[in-house]
Amino acid sequence: MKAFILILHAIFFTSIVSAQNLELPRSKKTDNRYWLLGLGLSIQNMYDEGISYVRYKGTGIAPSIGLIKSSEKKYCQFLLQPTFNKLTTERSNELRPMEVRTTRFVLDYQYLVRVKEWNEKLKLYAGGNASLLFNLKRAEQLDNSQLVYDYALSIGPAAKLDKTVKWNKRECVATFGLSIPLLSHIARPYYLNRIEFIDPKNDFLGDLFSNSSVVTVNKNFRITSDLSFTYPLFNKNELKLGYTWDFYKMTTINSVYAAEHLISISFLSNY
Amino acid sequence: MKKIFFLLTIAAVLLSCEKAIMPDSASAGAEETFETLWQTIDRGYSFFEYKNIDWNSVYQTYRPQINNNMSDRDFFNKCSEMLNILKDGHVNLRAGFSTSYYNDFYLNFPANFNKEIIDRNYLRGFQVTGPLYHTVLSGNIGYIYYGSFATPFTDDQLDAVLTMFNSIAGLKGIIFDVRNNPGGDPANAYRLFKRIATQNTLLYKTKYKNGPGHNDFSAEQESIIEPATDKVMYTGKIVVLTNRKCYSACNFFVAGCKAFSQIKIVGDQTGGGGGQPTGFELPNSWSVNFSGSITSLPNGFIIENGVLPDIAVALNPSDEAAGIDTIIERAKTLF
C-alpha cells in the first residue's frame, strides 16, 4: 500500500510539476481556489500510558489532500492528512520487537480573515480551526489490550502570518501558522484497554463513543504549528514545501503524549 | 537569510518543547521493572478478593529478592514464581526467551481424556468440517470433537454439520466433546449457541476492572445470545463432555451451556479461566497478561475455578485399558 502511494505521487509530481516551471507574475485576482495533493514524511514520538512507560518513535508516510480558497481578506482550508507509521523503542530486540503500528487521520477545517496588514508583504490572518483527530494504535504484544486509540474533535483559534518574499524572480510566500484547540470531544480506551470479547454483542465502535467526554485544554492540550514556503508555478498553480509540528497530550483514565513532525511537499492545483 | 534562520529557530524550539514535556522512558533495570510488574497486577488483576490473596505481602516477600545486578533469567524466574501465586492460567510473563505459565489447574487432576481411544474406537471413519471432527456413534448418536476454540469454524461449516445430523433419521442427539480444549476465541462459542437458542438467552454476567482499587469494577454486564433463525438450527438433546484441561473460552462455553435445558454436562469440572485476559508492556520490553474481569453464572457462581458438570464421571482405568471411554459411554446412556 505504501509503495503504491509513493509511486502514484512520484508519477503525478513528475508529470505535472515538470510542466510548471515557467516565469509568471503572481496573479492579483482576489479569489483563488486550489486542490491540494501532497506527500510527506512523518516522524512520530509517543508516550502512551495505555501501552507502556516507554517512549516510542518511528517514521512513516503521510499523503495529504485538501481544498484551499483564498483571497486578499480571507483564507479557508480543508485538509485531510492520514499517516501510517511503525513505531519502536530503543529497547526493541529480536525476541521482543516492541512495535506499535499507528494509523492516524487528521481532518482540519480552517477559516481565517485578515486582521492586520503591515504592508503589502506582511499580513496576519486569524480565525478558527475545527479538527478531527483519530489515531489508532495496534500493539500486538498486548493481546486483548492491543488496540489503543486517541480520538478528539476540537475547535479553537488559529492564526497565520504570511510574508511575501522574492526568490528566483518570483513572489513566494513564507507562512507561519498556529492553532490551539480550546474545546474538545475526546475518547480513549476503557481501563486496561478492554474490548468486551466476552460479550456476544461486542460493539467496538459503539463503546468508543460511550467512553467519551467534552473537555478543555486541561485534558486535551494540543498545539499545531506550520511552517511553509509556497512557490508559484505556471497557470496559478503552486508548489508548497511544509513542516508541521503537531503535539498533543490527552488525559482520560491515563495519559498519552504524541508528537508528529511532518515534512511535506504539496502541489496546489488552481481551478 | 535572516528569515530562514528565524524559521529554523522556531522549529528547533518546538522540537525542544516536545522533549521537555514528554515523560522519559522508565528505567529498564530489574528493580523498576519489578515495581511496574507488581503495580500493574495490583491495579488490574480482578481476583484478589475471590482468591483471598494479600498482594501487598507478596511485594514484601519478593521485592527484597530483586536487584539490578541479577541476570535476566534469574529475574524472570523470580517474577514467574511471584505470578504463580495467583494460580491463574491467564497470567503469563513473556520475556521472549521464555513465557511463564500456570498449569496446575489441570496437572493436579486426572486427565480424563485419551485421544488415542477417541481416534481408534470412536472417530474411526470420521468426517472433518473445518476444525470439527464428527461421526455417528453406535446407538445413532452424533459425536463432534472440537479441539480448540482458537481454531474458528464458519457459519457455512456449521450449517453443513448440522444439516448432516438433522438429516439422519432417528438421531437421538449429539455428544459435543470439548475435553482438552484450551480455549481461544469466545466468538466460536457464540456461533454454536445461536443455533441452539430458541429465544434470547442470558449466558452469564461479567464485571470489568475500571479502576486501580482491588474492588473497582464496572456494573455487571449481561451476555445475551440471540437465536440465528436464518441459519440451520439444532433443537435436539446435546451432551457436552468436559475435563480439567477445558479452559478459558472453553470454560466460558461450558458456563453458557448451563443456560440451556437441552444440554447436559458430563465429565470432570472444567479447569477455569473466568477472567478476560488483558496485557501491559514492561519497561524492559517484556509483557504481562492477566485477568481483568470476573464472570459469573446468572445464579452468581463465579466461573474462575471452573464449571461443575451436571454428571461427574471419571475415566475408568480398566475401561481405558480396554479401549473404552467411560465418559462417552456414560453420555450415551443419557439419550
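The structure we're discussing is the one just above.
Right, let's walk through the structure included here.

Conventions used here
Residues numbered from 1 in each chain as written. Chains lettered and ligands numbered in written order. Predicted model: local features only at pLDDT ≥ 70, side-chain atom pairs only at ≥ 80, totals over all residues. Heavy atoms only, no water. Helix = DSSP H or I, 4+ residues; strand = E, 2+ residues; numbered from the N terminus. Rg over C-alpha atoms; globule rule 2.2 N^0.38 Å. Buried < 20%, exposed > 50% of the residue type's maximum accessible area, 1.4 Å probe, protein only. Contact = heavy atoms within 4.5 Å. Areas by Shrake-Rupley, 256 points an atom, 1.4 Å probe, with all protein chains shown as cover. Core = buried A, V, L, I, M, F, W, Y, C linked by side-chain atoms within 4.5 Å. Axes fitted to C-alpha atoms, helices over the stretch in contact; angles between N-to-C directions. Parallel < 35°, antiparallel > 145°, perpendicular 65-115°, else oblique. Left-handed = near helix turned anticlockwise from the far one by under 90°. Nonpolar A, V, L, I, M, F, W, Y, C, P; charged D, E, K, R; others polar. Polar contact = N/O pair within 3.5 Å; in protein donor to acceptor, adjacent residues only side chain to side chain. Patch = residues over 30% accessible without salt bridge, like charges linked within 9 Å, V, L, I, M, F, W, Y side chains within 5 Å. Salt bridge = Lys/Arg side-chain N within 4 Å of Asp/Glu carboxyl O.

## What to know about the overall build of chain B
Then, in step 1: Each helix and strand in chain B was counted, giving 12 helices and 13 strands.
Then, in step 2: A compact globule built from 335 residues should have a C-alpha radius of gyration of about 20 Å, whereas chain B, at 25 Å, is more than 25% larger.
Then, in step 3: Taken along its principal axes, the extent of the C-alpha atoms in chain B is 90 × 50 × 40 Å.
Then, in step 4: The buried share of chain B, reckoned over its 335 residues, is 52%.
Then, in step 5: Taking the intrachain contacts of chain B between residues at least 6 apart in sequence as the baseline, contacts between residues at least 24 apart amount to 73%.

## What about the overall build of chain A?
Then, in step 1: Along its length, chain A carries 2 helices and 12 strands.
Then, in step 2: Reading chain A from its N end, one meets helices and strands in the order α-β-β-β-β-β-β-β-β-α-β-β-β-β.
Then, in step 3: When burial is assessed residue by residue, chain A has 50% of its 271 residues classed as buried.
Then, in step 4: The contacts in chain A between residues at least 6 apart in sequence include a share of 67% that link residues at least 24 apart.
Then, in step 5: Summed over its atoms, the accessible surface of chain A is roughly 12700 Å², and 62% of this surface lies on carbon and sulfur atoms.

## A look at the nonpolar core
Then, in step 1: Counting residues in each nonpolar core, the largest one holds 41 residues, and the members touching the most others are B:Phe176, B:Val178, B:Phe193, B:Val240 and B:Phe253.
Then, in step 2: When near neighbours in sequence (up to four residues on either side) are disregarded, B:Val240 contacts B:Phe176, B:Val178, B:Phe253, B:Val254, B:Cys257, B:Ile263, B:Lys264, B:Ile265 and B:Val266.
Then, in step 3: If you look at the next biggest cluster of nonpolar residues, it comprises 32 residues, including A:Tyr191, B:Ile53, B:Val58 and B:Phe76.

## Description of the packing of helix H8 (residues 155-166) of chain B against helix H9 (residues 186-196) of chain B
All names here are of chain B.
Then, in step 1: Between H8 and H9, the least distance of the axes is 11 Å, while the angle of their chain directions is 45°. By the criterion of interaxial angle, the relationship of H8 to H9 is oblique. Judged by the sense of rotation from one axis to the other, the crossing of H8 with H9 is right-handed. Each of Asp155, Leu158, Asp159 and Leu162 in H8 lies in contact with H9, whose residues at this interface are Arg191, Leu192 and Arg195.
Then, in step 2: Its residues placed into classes, the contact of H8 with H9 shows 3 nonpolar, no polar and 4 charged.

## Comments concerning the side chain of A:Thr224
Residues and elements named next belong to chain A.
Then, in step 1: Following the sequence through the fold, threonine 224 ends up in strand S10 (residues 220-232).
Then, in step 2: Looking at threonine 224, the relative accessible area reads 9%, which means it is buried.
Then, in step 3: Within polar-contact distance, the side chain of threonine 224 engages the side chain of aspartate 246 at 3.4 Å.
Then, in step 4: The contact partners of threonine 224, leaving out residues within four places of it in the chain, are Gly177, Leu178, Ser179, Thr244, Trp245 and Asp246.

## Here's the deal with unusual backbone geometry
Then, in step 1: Notably, A:Asn193 is not glycine yet its phi reads approximately 55°, a positive angle.
Then, in step 2: Within the secondary structure, A:Asn193 is located in the loop between strand S8 (183-187) and helix H2 (204-210).

## As for a nonpolar patch on the surface
Residue and element names in this part refer to chain A.
Then, in step 1: A contiguous nonpolar patch, built from Ile155, Leu182, Leu183, Val214, Val217 and Phe221 and spanning about 510 Å² of accessible area, is present on the exposed surface.
Then, in step 2: Relative to the helices and strands, isoleucine 155 is located in strand S6 (residues 147-167).
Then, in step 3: Classification of isoleucine 155 by relative accessible area gives partly exposed; the value is 48%.

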